[in-house]
Amino acid sequence: MATNPDAGAPKTAAQTPAPPADPCELVATLSDGTKVKRRLVRMRACNEKDAKGKVCAGHLKRWYFFGQEVKEKFGANAEIYRCENCKVLYLPNGGEAPRSGTMEY
Ligand SMILES: [Zn+2]
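Residues numbered from 1 in each chain as written. Predicted model: local features only at pLDDT ≥ 70, side-chain atom pairs only at ≥ 80, totals over all residues. Heavy atoms only, no water.

Peer 1: So what exactly am I meant to see when it comes to the coordination of the zinc ion here?
Peer 2: Perfect tetrahedral coordination of a metal by four donors corresponds to 109.5 degrees between them, and perfect octahedral coordination by six donors corresponds to 90 or 180 degrees. Ligation of the zinc ion by protein atoms is provided by Cys-46 (SG), Cys-56 (SG), Cys-83 (SG) and Cys-86 (SG), these donors lying 2.3 Å from the ion. For the zinc ion, the four donor atoms are set out with angles of 105 to 116° between them, so the coordination reads as tetrahedral. Positions of the donor residues of the zinc ion, expressed as sequence spacing, correspond to C-x9-C-x26-C-x2-C. On the criterion of sequence distance, the pair formed by Cys-46 in the loop between strand E2 (35-38) and strand E3 (60-62) and Cys-86 in the loop between strand E4 (81-83) and strand E5 (89-91) is long-range, its members being 40 residues apart. (Donors = N, O, S within 2.8 Å, 3.2 Å for Na, K, Ca; no water. Tetrahedral: all angles 85-135°; square planar, octahedral: opposite > 155°, others 65-115°. Helix = DSSP H or I, 4+ residues; strand = E, 2+ residues; numbered from the N terminus.)

If you want it as structure tokens, here you go:
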């Protein structure tokens, strides 16, 4: 019997997901290999680990220079942050209200 526990597992919205390894959900990987992750609430430093397991801790900065692929995935006005050290991209956390009024609406 071939049982695959990952097959078709429904996403439960009611539960709070708490993955043990990387608390940042990997949202996407771009065609050039750039990772796109979901920021934690109030997260300011990158938690990406390098091959040796050392945490990057680079500063996350708002980034406006994303290309067409990011626009197609997340929208032309997407709020994107980028680690200035390892260049991993971060999306804002859905549970975090935007602090500053933007002119997106
Ligand atoms: Zn980083």
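Peer 1: Sorry, what's going on with the nonpolar core here?
Peer 2: The tendency in soluble globular proteins is for nonpolar side chains to be buried side by side. Grouped together as the largest cluster of nonpolar side chains are 10 residues: Ala-28, Leu-30, Val-36, Trp-63, Phe-66, Val-70, Ala-78, Ile-80, Leu-89 and Leu-91. If we skip the residues at most four places from it in the chain, Trp-63 touches Ile-80, Tyr-81, Arg-82 and Leu-89. With nine residues, the next largest nonpolar core counts Met-43, Leu-60, Tyr-81 and Val-88 among its residues. (Core = buried A, V, L, I, M, F, W, Y, C linked by side-chain atoms within 4.5 Å. Buried < 20%, exposed > 50% of the residue type's maximum accessible area, 1.4 Å probe, protein only. Contact = heavy atoms within 4.5 Å.)

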